Structure formats: structure tokens, C-alpha cells
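Residue-level structural notes
Take a look at the letters that make up each chain.
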Amino acid sequence: MNQNVFLTIQKLASEKFSISLDLIEPSKDIFTTLQINSVDVLSMLTDLENHFSIEIPDYELQDVRSFEDLTNVISDRL
Amino acid sequence: MKWHFDHPILHIELNCEPCNEIGMSMLSFFEDFLQQAPLENAKALIISSSNAKGFSAGADLRSLYEGLTYEPKKSHKEKIENFIDRIHHVLDTLDLLPIPVIAVTHGICFGGGFELALVADIIIAEETTRFCFPELRLGLIPGFGGIPRLMREVSNQTIRDFLLTGRSIQAKNLPSLVSQVVPSGKGLGIAKKMALQMSKFDTNVVQIAKKFIKPEIKEKLHEEKALFIKMVLDPKVQKALESFVQDTSQQPYLPK
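Notes on the structure follow. Everything quoted here is computed from the prediction, not taken from an experiment.

1. Some thoughts on the pattern of salt bridges
Residues and elements named next belong to chain B. One pass over the full model with this rule turns up 21 salt bridges over all chains. Between Asp95 and Arg152 there is a salt bridge, with the nearest N and O atoms lying 3.0 Å from each other. Placement of Asp95 in helix H3 (residues 73-95) and of Arg152 in helix H5 (residues 146-153) is noted, with a sequence separation of 57 residues between them. Judged on exposure class, the residue Asp95 and its partner Arg152 are both buried. In this structure, the salt-bridge partner of Glu223 is Lys220, at a minimum N-O distance of 3.8 Å.

2. A few points about helix H7 (residues 187-198) of chain B
Within an α-helix, residues lying three or four positions from one another point in the same direction, as the helix has 3.6 residues per turn. All names here are of chain B. In this model, H7 (twelve residues) spans 16 Å end to end at C-alpha, consistent with the 16 Å of a helix rising 1.5 Å per residue. Here H7 has its buried residues at Gly187, Ala191, Met194, Ala195 and Met198. Across the axial projection of H7, the buried residues extend over an arc of 100°, all falling on one side. Residues of H7 that are buried in the fold lie against strand S2 (9-14), strand S3 (44-49), strand S5 (101-105), strand S7 (122-126) and strand S10 (180-182).

3. Side note on the interface of chain B and chain A
Facing the 22 residues of chain B at the interface are 17 residues of chain A. For the pair chain B and chain A, the two sides together bury roughly 1,600 Å², of which 54% comes from carbon and sulfur. When the area that chain B buries against chain A is broken down by residue, the three leading residues are Arg130(B), Arg167(B) and Leu254(B), summing to 35%. Here chain B is connected to chain A by two salt bridges. The partner of Glu49(A) in a salt bridge is Arg130(B), with the nearest N and O atoms 3.1 Å apart. Of all the elements in the fold, those that place two or more residues in the side of chain B that touches chain A are strand S6 (108-110) and strand S9 (169-170) of chain B.

4. Section: the state of the cysteines
Residues and elements named next belong to chain B. Summed over all chains, the structure comprises zero disulfides over all chains. Unpaired in terms of disulfides, Cys19 finds its nearest cysteine sulfur in Cys16, a separation of 8.6 Å. Under the relative-accessibility criterion, Cys19 is labelled buried at 0%.

5. Some thoughts on the sheet that holds strand S1 (residues 2-6) of chain B
Residue and element names in this part refer to chain B. Strand order in the open sheet formed by six strands is S1-S2-S3-S5-S7-S10, with mixed pairing between adjacent strands. Bordering the open sheet on either side are S1 and S10, each of which pairs with just one other strand. Mean inter-strand twist for the sheet, computed between neighbouring axes without regard to direction, equals 20°. Note that S3 and S5 share three bridges and pair parallel. When the sheet's bridge partners are listed, Ile46 is paired in S5 with Ile102. Running at roughly 170° to S2, helix H1 (residues 24-36) makes contact with S1, S2 and S3 of the sheet. Seen against the sheet, H7 touches S2, S3, S5, S7 and S10 and runs at an angle of roughly 155° to S7.

Rules of the game
- Residues numbered from 1 in each chain as written.
- Chains lettered and ligands numbered in written order.
- Predicted model: local features only at pLDDT ≥ 70, side-chain atom pairs only at ≥ 80, totals over all residues.
- Heavy atoms only, no water.
- Salt bridge = Lys/Arg side-chain N within 4 Å of Asp/Glu carboxyl O.
- Helix = DSSP H or I, 4+ residues; strand = E, 2+ residues; numbered from the N terminus.
- Buried < 20%, exposed > 50% of the residue type's maximum accessible area, 1.4 Å probe, protein only.
- Expected span 1.5 Å × (residues − 1).
- Arc of directions from axis to C-beta.
- Contact = heavy atoms within 4.5 Å.
- Buried area = accessible area lost by both parts, 1.4 Å probe.
- Disulfide = S-S within 2.5 Å.
- Pairing = 2+ DSSP bridges.
- Axes fitted to C-alpha atoms, helices over the stretch in contact; angles between N-to-C directions.

Set out below in C-alpha cells:
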């Protein structure tokens, strides 16, 4: 897992959804940890696309459950 | 949902839960607006949403599913044709209004909501906007005139990307579709300034200019409508709608 990418996701998600950094761990479920719905996911997707200057098609998120999964999807495009 | 006239600007504000779905209630609202609003005295129309989730999530699929499930099968075609004819009439009328129409989008702008935004002459997109045509996920194509209208604005390649992947694309990646990408929460104010600028111009010249730059797409709209009606009556669509309606995962706007 790309640690830098994970740390960026951790920081962005923590700020966006007002949740402590410590609660965001690679193996944790994104949806239950952040308590977010698909509108929030799409909003975070836009932030991540802008931060990393990449496009992330939302269909690539279909199997994403954990922060590590998301880190890997983004890392594949860097 | 409401509209008001702040001379010389008309403003439609969409706001119904969960995310401005377009069903009978929204359709009636627009029909009433077109009958009652002082269009002849207006110099511009702004369409925006005050729903936090976005501009609109598209057609009211729950109502469509209920109609196809609980109403007599023999009435389906007639009822769907009636709804589609009426929504096309509304969107065609908005599209061809003699005054400039500005859509202010944010968040979710999917399916029928995207089709509504496409009648506008100008789209001001807040940076959170994501446009999407998810219809193929249900075994359909867009049915409110979205494909022919999108064909006026972007390349065929982009349309294929939208339709054939069903993915959502953020506003800043669609420079030929949106006029400006603006910070979150600033869209309406920016649209009002734009509308006031537009209102300084001669009404007849605006009308001529608009007619000249918006090509006739009647034939393509008719084709799309016929294809949609044929597809929506397929039992596979009803099955897909059932899955959508029964999904309780809180993730209705993501592909599955």
C-alpha cells in the first residue's frame, strides 16, 4: 500500500467529515467509519481527483470497502 | 419547489427530497410555471436547487417502479407515453424560451436532472457538480431529450463515455459543457450577476441570437423518445428498477 496516498486520504477524509485521524485506519470500512452515503462518497471522489490531479471513474469504487482499497485504486492511477 | 420573479429575472428553485427527483409533482410544477410565470416580462431565467445533495438525481424511479408494478399492465404504455410527452413538452419549451436560461448546478446532476440542466443556455457549475447518465445501469437510455441536447454541447466521444460507462464526471473536466466552474455556494450569486448583464441586451436580438445558435433537434428528440418508451416497457427494466428501489445500502448514486 502506498503510505503517502493513504496519509493524504486520511487527512482529507478527517477534515471533510470532521472525524479524528486516529479512527481512519487502512483496514477499516470507509462507509461505516465516516458514516457517509453515496453523495458524500462522490463529493470525496471529486476532492481526491482534484488533489491528485487524476480522474477516478466511480465504477472503480464498486469493490472498494476499506481505506486500503481506496488507496490502491488511487495509487494505480499515479 | 418554488419560483419567483425579481424583475427582470425569473428564478426557479428546486427543493424536494430526496434530491429533486423528476416525477409527476415536479412535472406539474414546471407546467404550472410555464402557464403562470410572467415570461413576457422576464429577461432571463435561472434554475437552481437549494437541496443540499445536488441539482437533481433524475427521474423519480420509485414512482416509475410503483406504476409498473401496481397499475394494470395494459395501461403502462399509455401512461408512460403521456408522462414522456408532457416532460418533453416542458423541456422543449424551456429549451426554446426566447430569453436566456441559466442552470446553476451542484452535487448530483444525474439522469433526468442532467437532462433538465441541458435545456439551459448556460450552465454555471459549482465545483462539487458531477454529471452522469446512469440509465444504462437500468437497461435504458436517457428519455427526456438528454442525448440530442448533449450532442449539441460535447463530442460524441464524451457522450459515449457518459452513456456506455455510466460514470459520473466532475464539472471541471467538461469545459465545453459548463460556462464557469465556481466555488461551492457561489453559483446562484454569480448566475444573478450574469442574468442582470444579459438583461441589458435588446430582447429581440437575444431571441434571434439564441434561435441561431440552438440548432433544431426535433427529429433526434422524437427518435430518443420512441427508443426510451420501447425500452422502459421491457420486463428487465422493471427488474432493475426493483433492485434500485429495494436497495437499502444508502449508496444509490454509485454503480453496482
